[in-house]
Number of protein chains: 4
Amino acid sequence: MSIILGPHQYGKAENRIVRIYRDSPRHEIHDVNVSTALRGDFDAAHLRGDQGTVLPTDTQKQTAYSYAKEKGLLSIESYGLELARHFVDDVEPVSGARIEIEEFAWERVLVDGSEHDFTFVRKGQEIRTAAITVEGSGDAQREWVIGGFKDLVILKTTGSEFHGFLEDEYTLLQPTTDRIMATSLVAQWRFTTTDVDWEATYAGIKQIMVSTFATVHSLALQQTLYEMGKAVLEAYPFIAEIRMSAPNKHHFLYDLAPFGLTNDNEVFNADDRPYGLIQASVLRDDAPDAGPAWTIAGGFA
Amino acid sequence: MSIILGPHQYGKAENRIVRIYRDSPRHEIHDVNVSTALRGDFDAAHLRGDQGTVLPTDTQKQTAYSYAKEKGLLSIESYGLELARHFVDDVEPVSGARIEIEEFAWERVLVDGSEHDFTFVRKGQEIRTAAITVEGSGDAQREWVIGGFKDLVILKTTGSEFHGFLEDEYTLLQPTTDRIMATSLVAQWRFTTTDVDWEATYAGIKQIMVSTFATVHSLALQQTLYEMGKAVLEAYPFIAEIRMSAPNKHHFLYDLAPFGLTNDNEVFNADDRPYGLIQASVLRDDAPDAGPAWTIAGGFA
Amino acid sequence: MSIILGPHQYGKAENRIVRIYRDSPRHEIHDVNVSTALRGDFDAAHLRGDQGTVLPTDTQKQTAYSYAKEKGLLSIESYGLELARHFVDDVEPVSGARIEIEEFAWERVLVDGSEHDFTFVRKGQEIRTAAITVEGSGDAQREWVIGGFKDLVILKTTGSEFHGFLEDEYTLLQPTTDRIMATSLVAQWRFTTTDVDWEATYAGIKQIMVSTFATVHSLALQQTLYEMGKAVLEAYPFIAEIRMSAPNKHHFLYDLAPFGLTNDNEVFNADDRPYGLIQASVLRDDAPDAGPAWTIAGGFA
Amino acid sequence: MSIILGPHQYGKAENRIVRIYRDSPRHEIHDVNVSTALRGDFDAAHLRGDQGTVLPTDTQKQTAYSYAKEKGLLSIESYGLELARHFVDDVEPVSGARIEIEEFAWERVLVDGSEHDFTFVRKGQEIRTAAITVEGSGDAQREWVIGGFKDLVILKTTGSEFHGFLEDEYTLLQPTTDRIMATSLVAQWRFTTTDVDWEATYAGIKQIMVSTFATVHSLALQQTLYEMGKAVLEAYPFIAEIRMSAPNKHHFLYDLAPFGLTNDNEVFNADDRPYGLIQASVLRDDAPDAGPAWTIAGGFA
């Protein structure tokens, strides 16, 4: 029986890159948070402190900033692919690269009703995400692209029920036929190709998910999530799978009876913790192999 | 020489009240975080643990929730005034009340291009704030209302210079005639009346500040802030004073020269800390007495 | 080609349970954050909104609080095992349960040099963690226990080098033979048995890791992590594997030369972002199957 | 009626300076977060964008780092005084300076039972604070020093009652004679001299406050705070005043009766929001003028 080195990876996390396009008077802004991680033959660094095969995390940072200019940063998915391919193709000891990116949206300020050319307010809604994995070289090279968002806080004031659930000796919850349903949604979808209009697809998926949340009369958050995911897969044949994580942000009806008042679903307490947490995925039954696509942070999250 | 009790106050902080108006199929939502604080003759509680004059913080909470129904919650300024007056008028030992409120904005989801009746996405931009102080009883009663916002993240990609500054032996900074200027703005304005269209005024002030930020060619963040405040006071005669706190969120031009690239204000590092912090106020020279209006959290912040 | 429901789980996250033992005048406190997740046959809830097999997340919460009294909460690993077994054994549709727990340590206040019986200050250092997975019923039931901690912020002011690394055209980093090395360590270790003195083992592992960090002369954070993990496995035969995630919290030597000063590793800037991120595992080559032990948050993290 | 510039200040916030003393093999570490703010004649910058009297915030940063070496950083109060005096004395347009500092404590790692020379774990308990204000020049110069801490999380499992309180029509709270009392204490004390052993005084004040919290049988958090403050002033004649802000971190007894269990103050829910917030001060009736000592962040907090 012996003790050995197991899976490992290393990189530079949270490079806060802002890329401005100023080729015309109407500037564009791309504001991202980029994390790189490399996998490969770095055993000597662990076992003996020998850095001979280790490209410094500082170098990974320099590359990420430089690529924002060299290759451009128009879509996080395509930028991430460029960066991942570079590390795998150009740095000999690297057999796999994982690039995780967050993007913060900005919207143009209005001046006298017109969009300003170079002034922006941070939009502040959901954060767009991408996770790109590239492995292998030459013909054996494979790529996986995950798109997504997090922190999309969405709420409906009615159109949500919850009843008929399983009960045991610890069950005190009362059924309801009208409640607030709210969540801070995380969604991630897996592409089966890289030949994608990334911007249009992102906007389309978000719109489908949001409008499905609105229009499905909900008997459970589970049901709503499934319908949201199904609608995305029906609309986009090149999406193999979608995963969602949805905290049930409880809004408890406040008891105003002691004060002689009727509370007809008007006054709620927005509770912090605990919260329900529903996690679900929807996929095609012929979806190709996910490989390491979902291996978030190398399994070390 | 003796040791005595000094200034004190107590209350219930961060009541997370959500008020839904559902009188028509098109629901409205008001999502707030309310903190109450009472001042008055509570010396016995401090000196001897005698609670005879202390209205529990739990009671303050119950009142805040009940008032969202009893008095309504359409504008945070008017709701805060109702709550503050109640504590001062109806609870005998209370001589002053301070209500601080944050409001989180939501926007309607679009379904097939139309606004949905009861589904919302959290807007996620600036948080609107109010601080209401009421002191005294009967004819001697006085009221102060502060409106405001925080966390308005605004950025311009050009139109900002910084040069001609004072230098000493620790000065290394290079002057610039073109930089990104960005801040996460806090603004608070003091009303001289309570006869105000609170909603229209809030929207108007925000629009003035944002468009002034965009259109003033800036030689310093100080100058931009002053112009923003002045524009608000010129537009609203019932605003006596505006205070702004503006972190200078540095975006440093990334050095790409080692990689043979020219960085023509295209790639920046968005730095976290440290940050410049500019704080300034603009006021009318005949502004009425601010009294305790600005005494944030009783001076214990 | 059809669209189907994929992996899913649901539960109640972040139950903030405080358990006081007061059987003697010297009270004990256990302060935890418990998240439950159930896996099983909940397809009908997703596909049709039918809750017939769904034990509400509120019931999971009630159970978690009740078990703190019924079964006790002395070690998070044993408490988590009780809770996970209950859901799998006693709730028919549940085939698997995952319990994730954080524990916040408190230490006794000193009064006249002696530990007080019932007054505590939150220790504020690392947060202890556990993740328990139970699957299957009867003889086929299997259990996996992960212990660990996060947020252990540790630093050495010397005894750390970094040089001899791989260089490419983006490499600007200079080698160093003396630097600050600091991290905020996350560590998780997998047990091969549940017949463990959980408290003694936790204290022992932490002490081994901390003292190894101190005494290993470091040529790379990778090397230090490997030595820390190896030392744990050598000391505890019932630990199969340890995983570590270590942000390299950069402390950059501040350039004081412009002010005529020599900075002999005395003044540093503690940078926020970006940071290196080293993730590594050490394991026995005959370690038993990890199964779902590491499937953090059902793969939805 | 005209619109004028009101109070203003500017500076560099959150300089994360780490100062190592390595004159002997046993290194010492001081880990601080320093914010500077200057007041004076900067009107031209606001009114016309003229920076002629404005020492850049970058220069303030350089000075803060350089002073950690030039003047040393042994106590945050003395370091802050050096920095404030420099700005007021040496930078002509500056009439007042405010330095606010946070200090993060580290403790030595134990190796084989002995304290290690150069490896530390972040202590993680309260954050020590200081706020230094210097105004005026020559004989008219005045200095104010505030010491303090924040985030000291302290809890007692018994020895706390709450009853006999004022009731109105919104009062639902039940009285109790045995509850958990917990807070995350902020305390700030004002010195009347700068001839102080800053380290010993800090340790002494903290010990007095913590042990008083433990030993006072509490009828209200107000009473406990007053006794804590009084004890500090009795012990330190050069402390004029102490201010405390104490969230009442509610631990609600969990109702286990539905499960046939008696909860004899054993199982609690640690609630997040809302929380009671008690703010109080204790002072000497002959305390000298506080001047701008308490004007946190120039009144713009």
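The rules behind these values
Residues numbered from 1 in each chain as written. Chains lettered and ligands numbered in written order. Predicted model: local features only at pLDDT ≥ 70, side-chain atom pairs only at ≥ 80, totals over all residues. Heavy atoms only, no water. UniProt positions renumbered as here; feature names shortened; annotations may be inferred. Helix = DSSP H or I, 4+ residues; strand = E, 2+ residues; numbered from the N terminus. Buried < 20%, exposed > 50% of the residue type's maximum accessible area, 1.4 Å probe, protein only. Contact = heavy atoms within 4.5 Å. Areas by Shrake-Rupley, 256 points an atom, 1.4 Å probe, with all protein chains shown as cover. Lys, Arg positive; Asp, Glu negative; His and termini not counted. Charge placed at Lys NZ, Arg CZ, Asp CG, Glu CD. Buried area = accessible area lost by both parts, 1.4 Å probe. Salt bridge = Lys/Arg side-chain N within 4 Å of Asp/Glu carboxyl O. Polar contact = N/O pair within 3.5 Å; in protein donor to acceptor, adjacent residues only side chain to side chain. Least-squares fit on C-alpha atoms with pLDDT ≥ 70 in both. Expected span 1.5 Å × (residues − 1). Axes fitted to C-alpha atoms, helices over the stretch in contact; angles between N-to-C directions. Parallel < 35°, antiparallel > 145°, perpendicular 65-115°, else oblique. Left-handed = near helix turned anticlockwise from the far one by under 90°. Nonpolar A, V, L, I, M, F, W, Y, C, P; charged D, E, K, R; others polar. Pairing = 2+ DSSP bridges.

Looking at an unreviewed UniProt entry, chain A carries the name Uricase, with the source organism given as Herbiconiux ginsengi. UniProt's Sequence similarities (unreviewed entry) comment on chain A is quoted here verbatim: "Belongs to the uricase family." Quoted verbatim from the Catalytic activity (unreviewed entry) field of the UniProt record, the comment on chain A reads "urate + O2 + H2O = 5-hydroxyisourate + H2O2".

Here we look at the overall build of chain A
A count of helices and strands for chain A gives five helices and 13 strands. For chain A, the spread of C-alpha atoms along the three principal axes comes to 75 × 70 × 40 Å. Looking at chain A residue by residue over its 301 residues, the buried ones come to 64%. Sequence-distant contacts in chain A: of pairs separated by 6 or more residues, those separated by 24 or more amount to 67%. As presented, chain A carries roughly 10,500 Å² of accessible surface, and 47% of it is formed by carbon and sulfur atoms. Charge centroids of chain A, computed over 27 positive and 45 negative side chains, lie 5 Å from each other.

As for the interface of chain C and chain A
At the junction of the two partners, chain C supplies 83 residues and chain A supplies 81 residues. Around 7,200 Å² of area is buried between chain C and chain A when both sides are counted, 58% of it from carbon and sulfur atoms. A per-residue breakdown of the area chain C buries against chain A is headed by I3, Y170 and Q279 of chain C, which together make up 11% of the total. Applying the counting criterion to the chain C and chain A interface returns two salt bridges. A salt bridge links E14 of chain A to R273 of chain C, with the nearest nitrogen and oxygen atoms 2.9 Å apart. For the interface between chain C and chain A, the tally reads 30 residue pairs in polar contact (both at pLDDT 80 or more). Counting only elements with at least two residues in the side of chain C that touches chain A, the list comes to β1 (3-13), β2 (15-21), α1 (43-48), α2 (57-70), α5 (221-235), β10 (239-248) and β13 (275-284) of chain C. Here the element with the most residues in the side of chain C that touches chain A is β1 of chain C; it accounts for eleven residues.

Some thoughts on the relation of the copies chain C and chain A
Taken as rigid bodies, chain C and chain A are interconverted by a rotation of 180 degrees and an axial shift of 0.0 Å, the fit giving an RMSD of 0.0 Å. Taken together, the turn and the small shift mark the pair as related by a two-fold rotation axis.

Here's the deal with the relation of the copies chain B and chain D
The two copies are related by a screw operation: chain B maps onto chain D through 180 degrees of rotation and 0.0 Å of translation along the axis, at an RMSD of 0.0 Å. A symmetric contact is evident, with 100% of the interface residues of chain B recurring at the interface of chain D.

Considerations on the pattern of salt bridges
Residues and elements named next belong to chain A. Evaluation of the coordinates by the stated rule reveals 84 salt bridges over all chains. In this structure, E234 and K230 form a salt bridge, with 3.7 Å as the shortest nitrogen-oxygen distance. With E234 and K230 both in helix α5 (residues 221-235), this residue pair falls four residues apart, about one helical turn. Residue classification places K230 among the partly exposed residues on the basis of a relative accessible area of 22%.

Some details on helix α5 (residues 221-235) of chain D
With 15 residues, α5 of chain D ought to run about 21 Å at 1.5 Å a step, and its terminal C-alpha atoms sit 21 Å apart, in line with that. Within α5 of chain D the residues assigned to the buried category are L221, Q222, Q223, T224, L225, Y226, M228, G229, A231, V232 and L233 of chain D. In this structure, the buried side of α5 of chain D is in contact with β1 (3-13) and α1 (43-48) of chain B together with β9 (181-191), α4 (198-215), β10 (239-248) and β13 (275-284) of chain D.

Some points on the packing of helix α2 (residues 57-70) of chain D against helix α3 (residues 76-90) of chain D
Residue and element names in this part refer to chain D. Between α2 and α3, whose axes approach to 11 Å, the crossing angle comes to 135 degrees. For the element pair α2 / α3, the angle class is oblique. Here the hand of the crossing between α2 and α3 comes out right-handed. For the pair formed by α2 and α3, the contact residues are Q60, T63, A64, Y67 and A68 on the first element and Y79, E82, L83, H86 and F87 on the second. The residue makeup of the contact of α2 with α3, split by class, is six nonpolar, three polar and one charged.

As for the environment of S24 of chain D
Residue and element names in this part refer to chain D. Along the chain, S24 falls in the loop between β2 (15-21) and β3 (28-40). We classify S24 as partly exposed; its relative accessible area is 36%. Measuring from C-alpha to C-alpha, the distance between S24 and D117 comes to 9.2 Å, with 93 residues separating the pair along the chain.

Notes on the interface of chain B and chain D
Accessible area lost upon the coming together of the parts serves often as the stated size of an interface. Each side of the interface is counted separately: chain B has 81 residues, and chain D has 82 residues. Carbon and sulfur atoms make up 58% of the area that chain B and chain D hide from each other, which totals about 7,200 Å². Sorting the residues of chain B by area buried against chain D places I3, Y170 and Q279 of chain B first, and these three jointly supply 11% of that buried surface. Connecting chain B to chain D are two salt bridges. At the surface where chain B touches chain D, the tally comes to 30 residue pairs in polar contact (both at pLDDT 80 or more). Secondary-structure elements contributing two or more residues to the side of chain B that touches chain D are β1, β2 (15-21), α1, α2 (57-70), α5 (221-235), β10 (239-248) and β13 (275-284) of chain B. Across the side of chain B that touches chain D, the residue classes tally to 37 nonpolar, 29 polar and 15 charged. In terms of strand pairing, β13 of chain B meets strand β1 (residues 3-13) of chain D through nine bridges, oriented antiparallel. Its bridge partner being in β1 of chain D, G276 of chain B is matched across the sheet by K12 of chain D.

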